[in-house]
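# Structural overview for review
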Amino acid sequence: MTDTSPHVHTSPPTPPEQFHETVPLTAEHLLTNRRPEPAGGWRRLVWQLSGKRFIPAESAAELERRTLMAQAQTPVASGHHRIAVMSLKGGVGKTTTTVALGNTLASLRGDRVIAIDANPDRGTLGIKVKSETAATIRTMLAEAPHILRYADARAFTSQSPARLEVLASDTDPAVSEAFNADDYRTVAGLIERYYSICITDCGTGLLHGAMGATLEMADQIVLVSLVAVDGASSAAATLDWLTAHGHADLVRNAIVVLNAVEPKSDVDLDLLERHFTSRCRAVIRIPYDPHLKEGAEVDLVRLRPTTRGAYLRLAAAAGQTFGQRPDRGH
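What you are looking at is a predicted structure, and each value in this text was computed from that prediction instead of being measured.

Cut-offs used in this document
Residues numbered from 1 in each chain as written. Predicted model: local features only at pLDDT ≥ 70, side-chain atom pairs only at ≥ 80, totals over all residues. Heavy atoms only, no water. Helix = DSSP H or I, 4+ residues; strand = E, 2+ residues; numbered from the N terminus. Buried < 20%, exposed > 50% of the residue type's maximum accessible area, 1.4 Å probe, protein only. Contact = heavy atoms within 4.5 Å. Areas by Shrake-Rupley, 256 points an atom, 1.4 Å probe, with all protein chains shown as cover. Salt bridge = Lys/Arg side-chain N within 4 Å of Asp/Glu carboxyl O. Disulfide = S-S within 2.5 Å. Pairing = 2+ DSSP bridges. Core = buried A, V, L, I, M, F, W, Y, C linked by side-chain atoms within 4.5 Å. Expected span 1.5 Å × (residues − 1). Right-handed = clockwise from strand over helix to strand, strands pointing away. Phe/Tyr/Trp six-rings, centres within 6.5 Å; stacked < 30°, edge-to-face > 60°. Lys NZ or Arg CZ within 6 Å of the ring centre and 35° of its normal.

This next bit is on the overall build of the chain. When you go through the chain residue by residue, the secondary structure sums to 13 helices and 8 strands. A burial count over the chain gives 45% of its 330 residues as buried. Within the chain, contacts between residues separated by at least 24 positions form 78% of all contacts whose residues are at least 6 apart in sequence. Of the roughly 17,500 Å² of accessible surface on the chain, 54% is carried by carbon and sulfur atoms.

A few words on the side chain of T321. Relative to the assigned elements, T321 resides in the segment after α13 (305-319). The exposure class of T321 is buried, given its relative accessible area of 3%.

Turning next to the pattern of salt bridges. Applying the stated criterion across every chain, the model contains 13 salt bridges. Across the salt bridge formed by D240 and R279, the nearest N and O atoms sit 2.6 Å from each other. In this pair, D240 sits in helix α9 (residues 229-244) while R279 sits in the loop between α11 (269-277) and β8 (282-286), placing the two residues 39 residues apart along the sequence. For D240, a relative accessible area of 44% corresponds to the partly exposed category. Of the residues examined, R279 reaches a relative accessible area of 23% and is grouped as partly exposed. The partner of K293 in a salt bridge is E262, with the nearest N and O atoms 3.1 Å apart. Linking K293 in helix α12 (residues 290-293) with E262 in the loop between β7 (255-259) and α11, this pair joins segments that are 31 residues apart in sequence.

To continue, consider the state of the cysteines. Put plainly, two cysteines are in a disulfide when a covalent bond ties their sulfur atoms together. For the structure on display, the rule yields 0 disulfides. With no disulfide of its own, C198 has C202 as its nearest cysteine by sulfur position, at a separation of 9.8 Å.

As summarised here, the arrangement of the 8 strands in space is β3-β4-β2-β5-β1-β6-β7-β8, forming an open sheet in which the pairing is mixed. The sheet is open, and its two borders are formed by β3 (158-159) and β8, each paired with just one other strand. One ladder, built from 3 bridges, connects strand β2 (residues 113-118) with strand β4 (residues 165-167); its direction is parallel. Paired with A115 across the bridge in β4 is V166.

Glancing now at the nonpolar core. Judged by nonpolar contacts, the single largest core of 43 residues is most densely connected at I83, L105, I199, V222, I255 and L314. For this core, the element with the highest residue contribution is α13, accounting for 8 residues. Ranked by size, the runner-up nonpolar core spans 25 residues in total, among them I137, A144, L167 and I191.

With that out of the way, let us pick up unusual backbone geometry. One non-glycine residue, R163, adopts positive backbone phi at about 85°. Structurally, the position occupied by R163 is in the loop between β3 and β4.

So, about the pairing of β2. Within β2, 6 of the 6 residues are buried, which leaves it mostly tucked inside the rest of the structure. Residue alternation in β2 divides its side chains into two sets, V113, A115 and D117 and I114, I116 and A118, and both sets are buried. Direction of pairing for β2 relative to strand β5 (residues 197-202): parallel, over a ladder of 6 bridges. Counted as the bridge partner of V113 is I197 from β5.

Glancing now at α9. In this model α9 runs 23 Å from its N-terminal to its C-terminal C-alpha over 16 residues, within 8% of the 22 Å that 1.5 Å per residue would give. Listed as buried for α9 are G231, A232, S234, A235, A236, T238, L239 and L242. Structurally, α9 contributes buried residues whose contacts are with β1 (81-86), α8 (211-217), β6 (220-226), α10 (248-252) and α11. Downstream of α9 by one or two residues, G246 has phi in the positive range, about 85°.

Counted residue by residue, β8 has 4 buried out of 5 residues, so it is predominantly covered. When β7 meets β8, the two strands line up parallel, connected through 5 bridges. Bridge assignment links I255 to a residue of β8, and that residue is A282. Regarding the hand of the β-α-β motif, the stretch spanning β7, α11 and β8 is right-handed.

On to the packing of aromatic side chains, then. One pass over the structure, following the stated rule, counts 1 aromatic pair. Ring plane angle 70° and centroid distance 5.8 Å describe the contact between Y150 and Y195, whose orientation is recorded as edge-to-face. With a gap of 45 residues between them, Y150 in helix α6 (residues 150-154) and Y195 in the loop between α7 (181-194) and β5 connect regions that are remote in the sequence. Positioned above the aromatic ring of Y150 is the side chain of R112, whose terminal nitrogen or guanidinium carbon lies 3.5 Å from the ring centre.

See below:
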């Protein structure tokens, strides 16, 4: 009997088209509950009233804050980054800036941040944090051959609540010894082994013993100026001197801090900012703050919100260069 039923010819199945996923398959993209928990304000209230199910979108100010924090948290590509905080004259808030910048970075980062006092005379960095040790930078120098691990280095430092470590100098000028370029290089070499970021509180002036080595090894400088005519002139003269002595690269990459140590001033801040912006990478205004006027320990929690925000902008500006690998010979 002949089969007269129709034959159905089927071709082999065609493989499905390749689908190229363009959205990363990460928790942040796939899970709707992964927006950051609101820190405060009306967004946190709405979040709490919704049983922690609804998170309102962030405001422009909050988005800016997150961007600044991310910049301050930039990993140090070279493994170690040196910031020199300097001024030509005293009383401008240089040491306070050193500690506030260090505290801000240390509070946001997971690596180690240290501030060291490179003043050739009596330095005041040590009084800006609660003292945990009588050791000084001179003590560390004497024990340098025996510092073989982080715990050895930590014995010479005091730590702030924000996790910034501070290596102080002698506070008694009668026993203080001159701190020269070789001393700085030795300490900087030790610090480099155990810390990601070192912020050096330089002495005032430009010609003291340690300054040459400090500038030679710095990846960037923070130049602190008073919001005053003489302070601005001194800061401009410092930039001139640095440019004339082979440090034009540091000047171009510098951050200028305009530090208000009085509640009111008749100085044209906009004009000051335009001048330094034309010469340097960034200019940060630090407003007057009663807590900083005390001249004692610097506690970020006690600062006004606007002041904390200004130091966050300073930390972010510094962090913008952490991802670079400098060509300098150190």
